[in-house]
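What follows is the residue order along each chain.
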Amino acid sequence: MSKAGGEDLDKKTAAKELIRLAAEIERHNRAYYVEDAPIISDAEYDALFQRLAAIEARFPDLVTPDSPTQRVGAAPAAGFAKVRHRAPMLSLGNAFDEADVRDFVSRVRRFLGLEENVPVALVAEPKIDGLSASLVYERGRLTQGATRGDGSVGEDVTANLRTVADLPKTLAKDAPEVLEVRGEVYMTKGDFQSLNQRQEAAGQKVFANPRNAAAGSVRQLDVSITAGRPLRFFAYGWGEVSAPLADTHWAAMQRLRGWGFSSNPLAQRCTDAEGALAAYTGVADRRARLDYDIDGVVYKIDRLDWQARLGFVSRAPRWAVAHKFPAERATTLLEDITIQVGRTGSLTPVANLAPVTVGGVVVSRATLHNEDEIARKDIRKGDTVVIQRAGDVIPQVVEVDQSKRRKGARRFKFPTTCPVCGSDAVREEGEAVRRCVGGLVCPAQAVERLKHFVSRDAFDIEGLGGKHVAAFRADGLIRSPADIFRLRDKASEIEARDGWGAQSVAKLVAAIEERRRIALERFIYALGIRQVGQATARLLARIYGTLAYWRRAMDAAQDPDSDAYRELVAIDGIGPSVAADMIAFIAEDHNRDVLDALEDELDVADFVPPEAASPVADKTVVFTGTLERMTRSEAKARAEALGAKVAGSVSAKTDIVVAGPGAGSKLKKAQELGVEVMDEEAWLAMIDGG
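Everything quoted here is computed from the prediction, not taken from an experiment.

S.K.: Describe the overall build of the protein, with residues and values.
M.R.: Broken down by element type, the protein carries 25 helices and 26 strands. Its C-alpha radius of gyration of 29 Å places the protein within 12% of the 26 Å reference for a compact globule of 690 residues. Each principal axis of the C-alpha atoms in the protein carries an extent, and together these give about 90 × 70 × 60 Å. Going through the 690 residues of the protein one by one, you find that 48% of them count as buried. Counting contacts in the protein only where the partners sit at least 6 residues apart, residues at least 24 apart contribute 68% of the total.

S.K.: Provide a residue-level description of the pattern of salt bridges, including the pertinent values.
M.R.: Tallying each qualifying case throughout the model produces 47 salt bridges. Measuring nitrogen to oxygen at the nearest pair gives 3.2 Å for the salt bridge that ties Arg 86 to Glu 240. Here Arg 86 is found in the loop between strand E1 (82-84) and strand E2 (93-95), whereas its partner Glu 240 is found in strand E8 (residues 232-241), with 154 residues between them in sequence. Look at Arg 86 and you get partly exposed, because its relative accessible area is 40%. Glu 240 gets classed as partly exposed once you look at its relative accessible area, which sits at 35%. The salt bridge involving Lys 451 is made with Glu 448; its shortest N-O contact spans 3.4 Å. Taken together, the residues span about one helical turn, with Lys 451 and Glu 448 both in helix H12 (residues 443-453) at a distance of three residues. Taking the relative accessible area as the measure of exposure, Lys 451 reaches 28% and is therefore partly exposed. It is possible to trace a salt-bridge network through shared partners that takes in Asp 483, Arg 486, Arg 488, Glu 513, Arg 516 and Glu 601.

S.K.: Explain the nonpolar core to me, using residue names and the numbers behind them.
M.R.: Counting 59 residues, the largest nonpolar core has Ile 484, Phe 523, Trp 550, Leu 568 and Met 582 as its most contacted members. Non-local contacts of Phe 523, meaning those with residues more than four positions away in its chain, are made with Phe 459, Ile 518, Leu 547, Leu 595, Leu 598, Leu 602 and Val 604. Core analysis: the second largest hydrophobic core is formed by 35 residues, Tyr 186, Ala 279, Val 321 and Phe 325 among them.

S.K.: Lay out helix H23 (residues 632-641) with the relevant residues and their values.
M.R.: Every buried residue of H23 is listed here: Glu 634, Ala 635, Ala 637 and Ala 639. Buried residues in H23 make contact with helix H3 (98-112), helix H10 (304-310), strand E23 (620-624), strand E24 (645-646) and helix H25 (680-687).

S.K.: Requested: an account of the sheet that holds E23, with residues and values cited.
M.R.: Overall, parallel pairing links the four strands, which are arranged E24-E23-E25-E26 in an open sheet. Every interior strand has two partners, whereas the edge strands, E24 and strand E26 (676-678), have only one. Examined bridge by bridge, strand E25 (residues 656-659) and E26 share three bridges and lie parallel to one another. Bridge pairing in E26 links Val 658 to Met 678. Those strands touched by helix H24 (residues 665-673) are E23, E25 and E26, and its axis lies near 140 degrees from that of E23.

S.K.: How would you explain the environment of Glu 601 if you had to name every residue and give the values?
M.R.: For Glu 601, the location among the structural elements is in helix H22 (residues 589-601). The class of Glu 601 is buried, set by a relative accessible area of 19%. Filtering out sequence-adjacent residues up to four positions away, Glu 601 remains in contact with Ala 482, Phe 485, Arg 486 and Arg 516. Looking at Glu 601, its side chain comes within polar contact range of the side chain of Arg 486, at 3.2 Å.

S.K.: Kindly report on the side chain of Lys 300, identifying the contributing residues and their values.
M.R.: Structurally, Lys 300 is set in strand E10 (residues 294-301). Ignoring any residue separated from it by four or fewer positions in sequence, one finds Lys 300 in contact with Ala 121, Leu 122, Val 123, Glu 125, Tyr 236, His 249, Gln 307, Trp 319 and Ala 320.

S.K.: Just give me the short version of the pairing of strand E15 (residues 347-358), but keep the residues and values in it.
M.R.: Burial analysis of E15 places nine of its 12 residues in the buried class, the great majority of the element. Hairpin connection, strand E14 (residues 329-341) to E15: the antiparallel pair is bridged by five residues, and Gly 345 has positive phi, about 90 degrees. Pairing analysis gives six bridges linking E15 to strand E16 (residues 361-367), with the strands arranged antiparallel. By the bridge assignment, Ala 351 is partnered in E16 with Ala 366.

S.K.: Before we move on, could you go through the sheet that holds E2 and cite the residues and values that matter?
M.R.: If you walk across this open sheet you meet the five strands as E2-E13-E10-E3-E9, and the pairing is mixed. Whereas interior strands pair on both sides, the edge strands pair on one side only; in this sheet they are E2 and strand E9 (268-270). Adjacent strand axes in the sheet meet at a mean angle of 35 degrees when their direction is disregarded. By the bridge criterion, five bridges tie E10 to strand E13 (residues 320-324) in an arrangement that is antiparallel. Bridge pairing links Tyr 299 to Val 321 in E13. In the packing of helix H8 (residues 249-258) onto the sheet, contacts are made with strand E3 (122-128), E9 and E10, and the angle to E3 comes to roughly 50 degrees.

S.K.: Hey, could you go over the packing of H3 against helix H9 (residues 273-286) for me, with residue numbers and the actual values?
M.R.: Look at H3 against H9: their axes get within 10 Å of each other, and the N-to-C directions meet at 145 degrees. At the point where H3 passes H9, the crossing takes the right-handed sense. Where H3 approaches H9, its residues Glu 98, Val 101, Arg 102 and Val 105 are matched on the opposing element by Ala 273, Glu 274 and Leu 277. Here the contact of H3 with H9 is built from residues that sort into four nonpolar, no polar and three charged.

S.K.: Before we move on, could you go through the packing of aromatic side chains and cite the residues and values that matter?
M.R.: Both the distance between ring centres and the angle between the ring planes are used here to describe each pair of aromatic rings. Taken as a whole and assessed by the stated rule, the structure comprises 13 aromatic pairs. Centre to centre, the rings of Tyr 186 and Phe 234 are 4.8 Å apart; their planes meet at 15 degrees, and the pair counts as stacked. Of this pair, Tyr 186 sits in strand E7 (residues 178-186) while Phe 234 sits in strand E8, and the two are 48 residues apart along the sequence. For the pair Tyr 186 and Phe 234, a shared accessibility class is recorded, and that class is buried. Considering the side-chain rings of Phe 472 and Trp 500, the 5.8 Å spacing of their centres and the 35 degrees angle between planes classify their relative orientation as tilted. With Phe 472 in helix H13 (residues 466-474) and Trp 500 in the loop between helix H15 (491-495) and helix H16 (502-514), this residue pair connects regions lying 28 residues apart in the sequence. Note on accessibility: Phe 472 and Trp 500 belong to one class, buried. These aromatic residues form a ring-pair network of at least three members: Tyr 186, Phe 234 and Tyr 292. Arg 257 extends its terminal NZ or CZ atom over the ring of Trp 250, reaching a point 5.8 Å from the ring centre.

What counts as what
Residues numbered from 1 in each chain as written. Predicted model: local features only at pLDDT ≥ 70, side-chain atom pairs only at ≥ 80, totals over all residues. Heavy atoms only, no water. Helix = DSSP H or I, 4+ residues; strand = E, 2+ residues; numbered from the N terminus. Rg over C-alpha atoms; globule rule 2.2 N^0.38 Å. Buried < 20%, exposed > 50% of the residue type's maximum accessible area, 1.4 Å probe, protein only. Contact = heavy atoms within 4.5 Å. Salt bridge = Lys/Arg side-chain N within 4 Å of Asp/Glu carboxyl O. Core = buried A, V, L, I, M, F, W, Y, C linked by side-chain atoms within 4.5 Å. Pairing = 2+ DSSP bridges. Axes fitted to C-alpha atoms, helices over the stretch in contact; angles between N-to-C directions. Polar contact = N/O pair within 3.5 Å; in protein donor to acceptor, adjacent residues only side chain to side chain. Left-handed = near helix turned anticlockwise from the far one by under 90°. Nonpolar A, V, L, I, M, F, W, Y, C, P; charged D, E, K, R; others polar. Phe/Tyr/Trp six-rings, centres within 6.5 Å; stacked < 30°, edge-to-face > 60°. Lys NZ or Arg CZ within 6 Å of the ring centre and 35° of its normal.

Structural data, given as structure tokens:
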């Protein structure tokens, strides 16, 4: 019989024994955590683990990064390195009722040009309320684990994810050489309750809900703390792969399960939208009895070739949607109505509530949207109101319990002046929102713009949250965005403030310095231009390429008769309204000063087109006439995915016009300007390499 510590083994035999033990332990981990069917006792499992550890202690140079013993005991990290995802980890669009789901399938049909009799199969799977993570396996070994982060860049939590017991650390030989698996790290309700009991007994912080517990556990700098937390993982998809997994999403998920990944057992393949809705109802009925939190059901188009054709819009795939469960509701007292001034001057009424728990979260404030909504629902101070978390996120007032209204309650009178700076608050014709005209003279707008500037999808400066921004501006430490990058010169002043010390100030300065180089699309978004969200900012970055060129073009576009203006409004997705807001922003002297100051402090990186070689990358393309092999939407999406710029009109800067039957004035103008014209077949041959 072999000795427990492997004293009878030489190095060569020990190496083989370690491989055998690691595989055996991994098999038992899968049986226990994934299949919920343990095949040995805890004592027998412990004996296997102890033998593995003892042999590694005798032969430390045989220890591998994916050994079961390496899931614990590492020294605390100083921080998490950043990881750029090999393919973006995008969010999902939402559906809130059956009509939204049917509309989703209808949009897919229209985009792909499918007849009504062509079946559209879907995979319906519960949407786990956990922490999204990406796992990269190379040659069968887990080499990198990362959080979703902002979708493009996450945090390297490889060591922490190695501690998740139901994650395979090695894969079978038939797995692709490179396989990026995506899924949700979560904690069961039972494990969550046990963890909170242990935390409370130890006098430590208790968690508000399982999702917070899972997220906090993954982001521990001390790996041993993560290892002590009962985390689990459900795979829901994949990112980069070196070889195709299957022809359908359903079959691909079956392969992932075969390689040891756990996926949600309630997932179903449905032949149509009605089947998907039936699956949703079944999951909703079981929701309360599940041992993990879910907040809806995700529908995905099953055919992977259709997924590829559908592609993405903004930051979400066209081939998937999340059908959210109805928001949870609660009743409470509306104590007051106050007005919040946003970065674009919008006056938003806010309900200040007697604190109440909704969906596991304590809510004390809720949006009232605008003055029309207050009038329509007849909401008054002192009312008893029903609130809900819309999409389980944003609290809002649903209705008033009129039977409990106190006598003498007065209707709310919406202000016509800004409550912060006293400027007029004007409601333009056709708009629901009233806005302060004070601009950056208004302190509230200035603060909100600074908060937006440092927000997650903009500069994402760690340690500089909204409260810090407001406090720093109130005390004169920052007035404009460029001042943020001069805070290193005021380190001693910050260190003297309550809640700050030398170490926290040093971390803040380091985080600011890390953001001195930023992508053009993030920079444009951070400016907070009205109607310019992330998708529009990325579109502008792709079209104009550099900050200098974008600024020159916006300056020139102030003349409505200029080529620059015509080119701007011709961009597919930029109309006269968005163009007007951008031009007005650039024309304002204060904003020009802000841009000049930021250019002195920053390195704004030029837009980087897709890495894949493409014959149409950076070319401006116009589609006109009838397309017969694909819909107009699909043609535009494919062109943009290949790095082309799609415009709505022809100009001297147009590179290609794709003309189908019925092409008219655009074709004529292209011929006059000498722009290259091709038919749909030639276009497809070029982009498909044929």
